[in-house]
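A closer look at the structure
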Amino acid sequence: MAKRKQRRDEFQDISSYSSKQAYKKNQKKKKRTGLKVFLSFICVILVLVGGVMIYASTVLLGGLKTTTITKDKTELGISEETKSEAGITNIALFGVDARDYDGGTFAGRSDAIMVMSIDNVHHKVKLTSIMRDVRVYMGDGSPYDSGYDKLNHAYMYGGPEQAIRAINQNFGLDIQDYVTVNFSAMAKIVDAFGGVNIDLTEDEVSEINKNMYALAAESPESMAGDVSTYAPLSAGEGVLLNGDEAVAYGRIRAIGNDNGRVERQQEVLSALLSKASSISKLEYPSIVQQLAPLCETSLTFDKMIGLAQIALTGFDIERLSIPSDVEGYASDYCEGGGWMWTYDTDVAAQHIHEFIYEDEN
């Protein structure tokens, strides 16, 4: 009887979830099922991300002209003492004014020179404009014995690589990539964003009209529309400019000389960035697809994806122009009889560093 009782006690109904064996078996099954679900989820994410990456690289950025420049920091004018900070990336922006734009011309003098700092530390995009006629040291890159010349000549002499080197070695920066836009393509860029809102004076309206007709006479193929169809502009605050009008505004020289011209180019770029920060994220793919063929860059696809995060999180825009009153600039005729801005380069470098890194030291 004892033995029979013992066997009864040892008996377990394996068909019941209350039994120990069934419980353990069920738990193992749950773990396996949970693992399969997790792995399936990971696979779905990888497929989706991979699909987005392929779509972005082939469709959205398929028309982007990409180039490579040296990765040697010394050749780019970056010294061991050059300051850099994680989360802040400096990119050179060049605007060339090749009037024979045919969809792929990114050569000539760089009439607009800016350093765009993507600051993910302070959630800002900072634009440092450097006057194209500033006198800078280029060493062997200059045709003059002194080694000096206008900054905008660096791009003409040796393309973006020499221009980056000139900026880095004169202002102590760590720029390793660039984006170049032909001003003739700027009209299409502005139109892709639906125009830009700019405060205009009566004098500026007059100059815009003059430049519009000059552009139509010199390079009608570069214009986005027929100049005769444009309605006259009126002075005022937040005037909406289409692409051609924005380009004409950025080319005004008669008001404020080169300083005023640079400030107006900054106004257009700042207005574009403001538009980018305010439009729906769903509009980004269409805009990127329109803009890609109008630019040339050394940025790799991975870098572009990494830098794009600030566009999704929101940012403030700050601007600086060099030289300013801080540098004590003056004008003079220098190498080759060329008219240039002279100033204290060391003070300019310190000014730029304080602006970009928000560090007075």
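Description of the structure in this document. All figures in this text were calculated on a predicted structure; none of them were measured in a lab.

1. Comments concerning the overall build of the chain
Within the chain one finds eleven helices and 13 strands. A buried classification covers 46% of the 361 residues belonging to the chain. At a minimum sequence separation of 6, the contacts of the chain that also span at least 24 residues come to 71%. Accessible area of the chain: about 19200 Å², with a carbon and sulfur share of 54%.

2. A word on the environment of methionine 114
Topologically, methionine 114 is positioned in strand S3 (residues 110–119). Take methionine 114: its relative accessible area is 6%, and that puts it in the buried class. Sequence separation of methionine 114 and lysine 126 is twelve residues, and the distance between their C-alpha atoms is 9.8 Å. In contact with methionine 114, other than residues within four places in its own chain, are Ile91, Ala92, Leu93, Thr128, Ser129, Gln265, Gln266 and Leu269.

3. Details of the side chain of glutamate 296
Tracing the sequence through the fold places glutamate 296 in strand S10 (residues 295–297). Within the local environment of glutamate 296, its side chain forms a polar contact with the side chain of lysine 65, the two groups lying 3.4 Å apart. The contact partners of glutamate 296, leaving out residues within four places of it in the chain, are Lys65, Thr67, Phe106, Tyr155, Tyr178, Val179 and Thr180.

4. Section: the packing of helix H5 (residues 202–218) against helix H6 (residues 243–250)
In a packed pair of helices, the relevant descriptors are the angle between the two axes and the axis-to-axis distance. Their axes nearest at 8 Å, the elements H5 and H6 cross at an angle of 110°. Relative to H6, H5 is oriented roughly perpendicular. Counted together, Glu204, Ile208, Asn211, Met212 and Leu215 of H5 and Asp244, Glu245, Val247, Ala248 and Tyr249 of H6 form the full contact between these two elements.

5. Describing H5
Compared with an ideal rise of 1.5 Å per residue, which puts 17 residues at 24 Å, H5 spans 25 Å between its outermost C-alpha atoms and is within 8% of the ideal. Within H5 the residues assigned to the buried category are Glu204, Val205, Glu207, Ile208, Asn211, Met212 and Leu215. One side of H5 holds all its buried residues, which, seen down the axis, span an arc of 160°. In H5, the exposed positions that point more than 90 degrees away from the buried face belong to Glu202, Asp203, Lys210, Tyr213 and Ala217.

6. Remarks on empty space enclosed by the protein
Per the stated rule, a full pass over the model turns up two cavities of 30 Å³ or more. Here the second largest cavity defines a volume of roughly 30 Å³. Taken together, the elements giving at least two residues each to the lining of the second largest cavity come down to S3 and helix H7 (257–278). Among the elements that take part in the lining of the second largest cavity, S3 stands out by supplying four residues, more than any other.

Rules used throughout
- Residues numbered from 1 in each chain as written.
- Predicted model: local features only at pLDDT ≥ 70, side-chain atom pairs only at ≥ 80, totals over all residues.
- Heavy atoms only, no water.
- Helix = DSSP H or I, 4+ residues; strand = E, 2+ residues; numbered from the N terminus.
- Buried < 20%, exposed > 50% of the residue type's maximum accessible area, 1.4 Å probe, protein only.
- Contact = heavy atoms within 4.5 Å.
- Areas by Shrake-Rupley, 256 points an atom, 1.4 Å probe, with all protein chains shown as cover.
- Polar contact = N/O pair within 3.5 Å; in protein donor to acceptor, adjacent residues only side chain to side chain.
- Axes fitted to C-alpha atoms, helices over the stretch in contact; angles between N-to-C directions.
- Parallel < 35°, antiparallel > 145°, perpendicular 65-115°, else oblique.
- Expected span 1.5 Å × (residues − 1).
- Arc of directions from axis to C-beta.
- 1 Å grid on protein atoms, 1.4 Å probe; cavity = no way out; pocket = protein on both sides within 12 Å on 5 of 7 lines; lining within 4 Å.
- Points joined across faces, edges and corners; volume = space filled by probe spheres on them.

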